[in-house]
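Chain by chain, the residues:
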Amino acid sequence: MNRDELLGEIARLIVVDPKAGERPWDGYALIAWYGDGISRLNGFRYDKDQPGEPLTPSGVEIENRLEELRRVTQVKDKAPWRVCIIRINREAAEVAIDFEYEDPGKWYVTPDSAAEIADKVKPW
């Protein structure tokens, strides 16, 4: 699969994921964070004008597709991205993607940073 096909597949997997679908949402953001030997997923659901609420999908398939996306988007002779942010806006039927190469720490979700990061990655 190429980059766009993988992005569409990841968005589809988020939409059908049982955990991410526990409660309805108008927007969704997923942060895939890669550090030294570890990776993390953090998801946030958005309902209308409410603040983002933590809700991370449970599917291993999403992680596999993100790994594949990381491989196909890597530029030759350069390190792969460290953070991928996928935003879904249901009403507009839009999916957007951003990559972070230089400063992954600003996207590392902790209990103290979750609300601030959720606001930064809002899909509208």
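Predicted model, so just to flag it, every value in this text is computed and none were measured.

(A) Representation of the sheet that holds strand S5 (residues 94-100) within the structure. In space, the five strands of this open sheet follow the order S3-S2-S1-S4-S5, with antiparallel pairing throughout. A strand with exactly one partner marks an edge of an open sheet, and here the two such strands are strand S3 (53-54) and S5. Relative to S3, strand S2 (residues 39-46) runs antiparallel, the two being bridged by two bridges. Paired with Arg 45 across the bridge in S3 is Glu 53. Against the sheet, helix H2 (residues 60-72) engages strand S1 (27-34), S2, strand S4 (83-89) and S5, with an angle of about 65 degrees to S1.

(B) Region of the structure containing the pattern of salt bridges. Tallied over the full model, the rule gives ten salt bridges. For Arg 23, the salt bridge identified is with Glu 53, shortest N-O distance 2.8 Å. With Arg 23 in the loop between helix H1 (3-16) and S1 and Glu 53 in strand S3, this residue pair connects regions lying 30 residues apart in the sequence. With its nearest N and O atoms 3.9 Å apart, the salt bridge here joins Asp 26 to Lys 48. One end of the pair, Asp 26, is in the loop between H1 and S1; the other, Lys 48, is in the loop between S2 and S3, with 22 residues separating them in the sequence. A relative accessible area of 57% means that Lys 48 is categorised as exposed.

(C) Region of the structure containing H2. Compared with an ideal rise of 1.5 Å per residue, which puts 13 residues at 18 Å, H2 spans 19 Å between its outermost C-alpha atoms and is within 8% of the ideal. Packed against the buried residues of H2 are H1, S1, S2, S4 and S5.

(D) Representation of H1 in the model. With 14 residues, H1 ought to run about 20 Å at 1.5 Å a step, and its terminal C-alpha atoms sit 20 Å apart, in line with that. All of the buried residues in H1 are Leu 6, Leu 7, Glu 9, Ile 10, Ala 11, Leu 13 and Ile 14. Turning to H1, the residues buried within the fold contact S1, H2, S4 and S5.

(E) Seen up close, the packing of H1 against H2. One way to put it is that H1 packs onto H2 with a least axis distance of 10 Å and a crossing angle of 165 degrees. Looking at the two axes, H1 sits roughly antiparallel to H2. As H1 runs across H2, the sense of the crossing is left-handed. Residues Arg 3, Leu 6, Glu 9, Ile 10, Leu 13 and Ile 14 of H1 form the contact with H2, whose participating residues are Glu 61, Ile 62, Arg 65, Leu 66, Glu 68, Leu 69 and Val 72. Residue classes in the contact of H1 with H2 are distributed as eight nonpolar, no polar and five charged.

(F) Spatial organisation of the environment of Tyr 34. With respect to the element layout, Tyr 34 can be found in strand S1. With relative accessibility at 6%, the residue Tyr 34 sits in the buried group. Taking C-alpha positions, Tyr 34 is 9.4 Å from Tyr 108, a pair spaced 74 residues apart along the chain. Once residues lying within four places of it in the same chain are set aside, the contact partners of Tyr 34 are Ser 39, Leu 66, Glu 67, Arg 70, Trp 81 and Arg 82.

Criteria and cut-off values
- Residues numbered from 1 in each chain as written.
- Predicted model: local features only at pLDDT ≥ 70, side-chain atom pairs only at ≥ 80, totals over all residues.
- Heavy atoms only, no water.
- Pairing = 2+ DSSP bridges.
- Helix = DSSP H or I, 4+ residues; strand = E, 2+ residues; numbered from the N terminus.
- Contact = heavy atoms within 4.5 Å.
- Axes fitted to C-alpha atoms, helices over the stretch in contact; angles between N-to-C directions.
- Salt bridge = Lys/Arg side-chain N within 4 Å of Asp/Glu carboxyl O.
- Buried < 20%, exposed > 50% of the residue type's maximum accessible area, 1.4 Å probe, protein only.
- Expected span 1.5 Å × (residues − 1).
- Parallel < 35°, antiparallel > 145°, perpendicular 65-115°, else oblique.
- Left-handed = near helix turned anticlockwise from the far one by under 90°.
- Nonpolar A, V, L, I, M, F, W, Y, C, P; charged D, E, K, R; others polar.

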